[in-house]
Amino acid sequence: MTTAVQPSADHPAGPPSGDGPGPSAAAVLLAAVRGNLRQYGMIIALAAIVVLFQIWTGNALLLPNNVSNIVQQNSYILILAMGMMIVIVAGHIDLSVGSLAAFTGAVAAVLMVQHHLHWLSALLLCLLIGAAAGAWQGFWIAYVGIPSFIVTLAGMLLFRGATQIVLAGQSLSPFPGPFQNLAQGFLPEAGPYTRYHNPTLLIGLVVVAGLLLRERRDRRRRAAHGLEVLPRSLWLAKCAAITAAVAVFTLTLASYHGVPVVLLLMCVLLLGLGFVMRDAVVGRHVYALGGNRAAARLSGVRDGRVTFLVFVTMGVLAALAGCVYAARLNAGTPQAGINFELEAIAAAFIGGASMSGGIGTVFGAVTGALVLGVLNNGMSLVGIGTDHQQVIKGLVLLAAVGFDVWNKRRTGT
């Protein structure tokens, strides 16, 4: 039971502005970190891993060509991790995404290589197939009531077998150049000659402006509703850190070939899915179902419809990831997609998802996928074998889930 604090000289009335007397800056910062331990913890861990491997590899990790390589190599896992985070937040799991990605990549290969269909038409058909596959699984889960683990396990076997049938056990290649650019291409150069890629610099400026405007808007909203905000000095330091991080990343990409096409695609997905989960009604319903399904039903949430839409979304993202992976390989292969579902699930949990559902963000999933991607790349650069890499990634996943359990006990949730 809390006791109301009466306005006085020590506790003035009105919303905290962050500019007047009050707790020290260090105390406010510590409280903010503790209150957002899941989010900040993984960002700090990612930064620590980057610094570690940057030193360990003799500054090779953050070379411009390697940064682009990390983005392109892990693009399909990043796409799958965004969808898997939504599925886990809703209180479910999807074991079929790797097999579905392989199947849609195989279909894309058959359409373009054997039937010479235009690459854009083939891509759209594959996305429709992914939506149909997600709807098929979502129907059994949402309206029949079969657990998602069983339905998607069956889907994993079904789509893996269908991949073998479609490709007849053989790889198909090559793909048209524009389709390959989906995973391998870069934004074209434009403007006068400079030492850097001009469109990338422009995009970096737009991103910085957008992030700073959002920070300013969120600060004003919190202050208007009487919520605690960071002192102005700490808030300005946060804005400066955001600007510096984006500037370094932008200059790194701009000094090579510029922004990879697949990075633009992932940014669009991150913004769109982030908006839906944070601000749209259906996103709040997903969190409500994952947090307490019975209470959500009593509140009028149509759990069947929401669950169905979650799996349709996951199906589309799995299809997109399958096409991106096929475009990177420049081939549709029966062995594609193996263990993709495990990588996506690991990325979601490392990024802050809760085993019990109802907790997690799309940005957190991206952070978790980047942790795995940097680990893979850094360990390869220093010559650590794949067998030891699997051991290390398993320990990282165990630590992330253990951290989630500890954090729940700490906060009493």
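The structure displayed is predicted, hence computed values, not measured ones. (Residues numbered from 1 in each chain as written. Predicted model: local features only at pLDDT ≥ 70, side-chain atom pairs only at ≥ 80, totals over all residues. Heavy atoms only, no water.)

A. Region of interest: the overall build of the chain. A count of helical and extended segments in the chain gives 17 helices and 0 strands. Sorting the 413 residues of the chain into buried and exposed places 45% on the buried side. Counting contacts in the chain only where the partners sit at least 6 residues apart, residues at least 24 apart contribute 80% of the total. With an accessible surface of roughly 20700 Å², the chain has 67% of that area assigned to carbon and sulfur atoms. (Helix = DSSP H or I, 4+ residues; strand = E, 2+ residues; numbered from the N terminus. Buried < 20%, exposed > 50% of the residue type's maximum accessible area, 1.4 Å probe, protein only. Contact = heavy atoms within 4.5 Å. Areas by Shrake-Rupley, 256 points an atom, 1.4 Å probe, with all protein chains shown as cover.)

B. Representation of the pattern of salt bridges in the model. Enumeration over the complete set of coordinates arrives at 6 salt bridges. In this structure, the salt-bridge partner of Asp279 is Arg278, at a minimum N-O distance of 3.4 Å. Across the pair Asp303 and Arg297 runs a salt bridge whose closest N-O atoms are separated by 2.8 Å. Of the residues examined, Arg297 reaches a relative accessible area of 48% and is grouped as partly exposed. Three or more residues are tied together by salt bridges with common partners; here these are Arg214, Arg217 and Asp218. (Salt bridge = Lys/Arg side-chain N within 4 Å of Asp/Glu carboxyl O.)

C. Structural detail: helix H9 (residues 198–224). If you check H9, its first and last C-alpha atoms are 39 Å apart, about what 27 residues at 1.5 Å a residue would give, namely 39 Å. All of the buried residues in H9 are Asn198, Pro199, Thr200, Gly204, Val208, Glu215 and Arg219. Of the surrounding secondary structure, the elements contacted by the buried residues of H9 are helix H10 (232–254). (Expected span 1.5 Å × (residues − 1).)

D. Structural detail: the nonpolar core. Grouped together as the largest cluster of nonpolar side chains are 97 residues, with contacts concentrated most on Ile79, Leu80, Phe179, Met266, Val286 and Val310. Residue contacts for Leu80: discarding those within four places in its chain leaves Val97, Met314, Leu317, Ala318, Ala321, Phe340 and Ala344. (Core = buried A, V, L, I, M, F, W, Y, C linked by side-chain atoms within 4.5 Å.)

E. Spatial organisation of the environment of Phe249. With respect to the helices, strands and loops of the structure, Phe249 is situated in helix H10. Taking the C-alpha atoms as reference, Phe249 lies 8.5 Å from Gly204; in sequence the two are 45 residues apart. Apart from the residues within four sequence positions on either side, Phe249 is in contact with Val67 and Leu263.

F. Molecular detail of unusual backbone geometry. A cis amide bond, omega 0°, links Ser173 with the succeeding residue Pro174. Position of Pro174 relative to the elements: it lies in the loop between helix H7 (148–167) and helix H8 (177–184). For His116, which is not glycine, the phi dihedral falls at a positive 55°. Looking at the secondary structure, you find His116 in the loop between helix H5 (97–114) and helix H6 (119–144). The backbone of Ala168 sits at a positive phi, close to 55°, despite the residue not being glycine. A residue is classified by how much of its surface remains accessible, and Ala168, at 62% relative accessible area, is exposed.

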